[in-house]
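These are the residues of each chain, in order.
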Amino acid sequence: MSLSISLAINGQPLDVALDDPRVTLLDLLRERLFLTGTKKGCDRGQCGACTVLVDGRRINSCLALAASLDRAEITTIEGLAEGETLHPVQAAFIAHDGFQCGYCTPGQIMSAVGLILEGHAGDDPERVRELMSGNICRCAAYKGITEAVLEAQKAIADKSGAEQNRRDAA
Amino acid sequence: MNRFDYVRPASVAEAVAAGSEPGSAFLGAGTNLLDLMKVGVARPGRVIDVTRLPGLDRIEWLPDGGVRIGAMVRNSDLAYDERFSRSFPAVAEALLSGASAQLRNAATVGGNLMQHTRCAYFHDLASACNRRVPGSGCDALEGENRLHAVLGWSEHCIATHPSDFCVPLVALDAVVEVEGPHGAREIAIDRLHALPGATPEQETALAPGELIVALRLPADAAAFSRNARYLKLRERTSYAFAVVSAAAMLEVEGGTILRARVALGGVAAKPWRAPEAEAALEGAAPTAQAFAKAAGLALAEAQPSGDNAFKIELARRIVARALTLASEGTPAAMPALPASPFSTKIGANHVA
């Protein structure tokens, strides 16, 4: 049985022929497309290491069948930076030591990008911690992660505010 | 994971026809089904993907003020829907206390209702489990059972239903709309999930091929919106199933409780409505004594099924606490830690 699906991965359209419907989005990314930035931690939806954005929403890629995501837009950690310029969330994780071993970090960063897009945390660190609880960090870098999410959110808001001002002035 | 055929029907009728074949399973987001398939607890020969079925992803407000929620609406979309959370705040709070942000973005309303127990023995193929293999026994009875049921259990099964969402739903008389091989029917959510009795493998009232297409909340469920809470005690602050939980809703006028709704989670194989507690509250003043009496009535029949007698007292306290907080009023904004008994002040750090 062969299934053909179309995806956009980090902006690149891609037709994928699946010889087996059991392939999860995580295994498709890592084993067939060699986008190994997305990590496999528990493979059970409990740790968040596999977090990616599907149509702009963060999900656990280990618990999603690739076949079910036909025509979806996928964003992975490889799709965040623009050339050598880091995404504000990536830069903030470095600035605040939001990691130690780094294994959970791609999932933490994708989850933070999703959290900021969702816009429910405000500037409240408690809400950030609650809304990041699906990402486990074995090294317990949680303090830096929370600071990084808040700073990145502010940087993104400031940047979009500045762009809005430029448009208004023009 | 076993091999399976993947089927993506174009209509509910096609889905029902495909789902009626033996060995078929409906796939929503897959957050529970795929997990069970990975460990071999679920081994469907055919997976029927219902996520693309037309018309199942809508929240529709009915002329009488009730709401009809399509079975494929995602948990987070429902919880953050402004009108929904304003009308049914305890339901939104329950949704936001469940799982993680990633899982809530994926998990569907229908899938939440149909999720299986998290009993470790159900998930472990090497263990005896009557729910998974009828007649094989129950290793939970003599095993790690401190989180198991204290109400409605039998010697055949002591598992609990893990949903938070279903707890306020059962308190609010939600109705499940089902399409099946013999047409459409409606099931009161209190009758959707079965107690184990001698047949724990029969988890729900659904017949083979029957598909949940929508969930309805009646208009009068919104009458509790000013005094509604869901509280959930967990073994860690967030991203954990309930040890015990309670939904409490009151309609108060002139210092008297006109109507009350009480339901518990984490205590039985189904979301547990407590009608005796509700009856005792109606006509009473919203006092600590009235709440303690109601909590006692809600757990009157409770029996430990193992090392879990502590859950009975915890459940009493979470009911009384939920009623107390409900009587103080629904918070103006969703608490930073939804449903947490430790979240006493919005924005406050519970460990501070």
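This text follows the structure it describes.
Numbering of residues starts from 1 in each chain and follows the order in which that chain's sequence is written. Labels follow written order: the first chain is A, the first ligand is 1, and so on. With the structure being a predicted model, the display of local features is reserved for residues of pLDDT at least 70 and the display and counting of side-chain atom pairs for 80 or more, all residues being used for whole-chain, interface and lining totals. Side-chain measures were taken over the full set of non-hydrogen atoms in the model, leaving aside hydrogen atoms and water.

A. Just the interface of chain B and chain A, in detail. Between two residues, a contact is recorded if the distance between any of their heavy atoms is within 4.5 Å. On the chain A side, the residues contacting the 43 residues of chain B number 37 residues. Put simply, buried area is how much 1.4 Å-probe accessible surface two parts lose in total, over both of them, once they are put together. Summing the contributions of chain B and of chain A, the shared interface buries around 3300 Å²; its carbon and sulfur component is 47%. Together, B:Tyr6, B:Lys38 and B:Gln102 form the three largest contributors to the area buried by chain B at its contact with chain A, with a combined 20%. The rule for a salt bridge is simple: a side-chain nitrogen of Lys or Arg has to be within 4 Å of a carboxyl oxygen of Asp or Glu. Scanning the region where chain B abuts chain A turns up 5 salt bridges. Any pair of nitrogen or oxygen atoms within 3.5 Å is treated as a polar contact; in protein, a donor-acceptor pairing is required on top of that, and neighbouring residues in sequence qualify only through side-chain atoms on both sides. Summed over the shared surface of chain B and chain A, the result is 23 residue pairs in polar contact (both at pLDDT 80 or more). Its residues placed into classes, the side of chain B that touches chain A shows 20 nonpolar, 13 polar and 10 charged. Gly is placed with the polar residues, together with every amino acid not listed as nonpolar (Ala, Val, Leu, Ile, Met, Phe, Trp, Tyr, Cys and Pro) or charged (Asp, Glu, Lys and Arg).

B. Representation of the packing of helix H2 (residues 88-95) of chain A against helix H3 (residues 105-118) of chain A in the model. Residue and element names in this part refer to chain A. Only C-alpha atoms enter the line fits that serve as axes; for helices the fit covers just the stretch in contact. Angles between N-to-C directions range over 0 to 180 degrees. Numbering of helices and strands runs from the N terminus; a helix is a DSSP stretch of H or I covering at least four residues, while a strand is a stretch of E covering at least two. Axis separation between H2 and H3 bottoms out at 10 Å; the angle between their running directions is 125°. By the angle class used here, H2 and H3 are oblique. When the axes of H2 and H3 are compared, the crossing they make is right-handed. Only Thr105, Gln108, Ile109, Ala112, Val113 and Ile116 of H3 make contact with H2, whose side of the interface consists of Val89, Gln90 and Phe93. Across the contact of H2 with H3, the residue classes break down as 6 nonpolar, 3 polar and no charged. With respect to orientation, any angle under 35 degrees is reported as roughly parallel, any angle over 145 as roughly antiparallel, any angle of 65 to 115 as roughly perpendicular, and every other angle as oblique. With the far helix as reference, a near helix turned anticlockwise by less than a right angle produces a left-handed crossing, and one turned clockwise produces a right-handed crossing.

C. Structural context of the packing of H2(A) against helix H5 (residues 142-169) of chain A. Residues and elements named next belong to chain A. Contact pair H2 / H5: the axes reach a minimum separation of 8 Å and the direction vectors enclose 140°. The orientation of H2 with respect to H5, classified from their angle, is oblique. Considering how the two elements wind past one another, H2 and H5 form a crossing that is right-handed. Contact residues: H2 offers Pro88, Val89, Ala92 and Phe93, while H5 offers Ile145, Ala148, Glu151, Ala152, Ala155 and Ile156. Its residues placed into classes, the contact of H2 with H5 shows 9 nonpolar, no polar and 1 charged.

D. Expanded view of the packing of aromatic side chains. Residue and element names in this part refer to chain B. Stacked, edge-to-face and tilted labels apply to pairs of Phe, Tyr and Trp rings (six-membered ring for Trp) whose centres lie within 6.5 Å, assigned for plane angles under 30 degrees, over 60, and everything in between, in that order. Summed over all chains, the structure comprises 2 aromatic pairs over all chains. Seen in terms of ring centroids, Trp61 and Phe88 are 6.3 Å apart; in terms of plane orientation they differ by 5°. Their pairing is stacked. Taken together, the positions of Trp61 in strand E4 (residues 59-61) and Phe88 in the loop between helix H4 (82-87) and helix H5 (89-97) put the pair 27 residues apart, joining distant regions of the chain. According to the relative accessible area criterion, Trp61 is partly exposed, its value standing at 23%. We count a charge as sitting over a ring when the NZ of a lysine or the CZ of an arginine lies within 6 Å of the ring centre and within 35 degrees of the ring normal. It is Arg83 that lies over the ring of Trp61; its NZ or CZ is 4.0 Å from the centre. Exposure classes here rest on a 1.4 Å probe applied to the protein chains alone. A residue is buried below 20% of its type maximum, exposed above 50%, and partly exposed in between.

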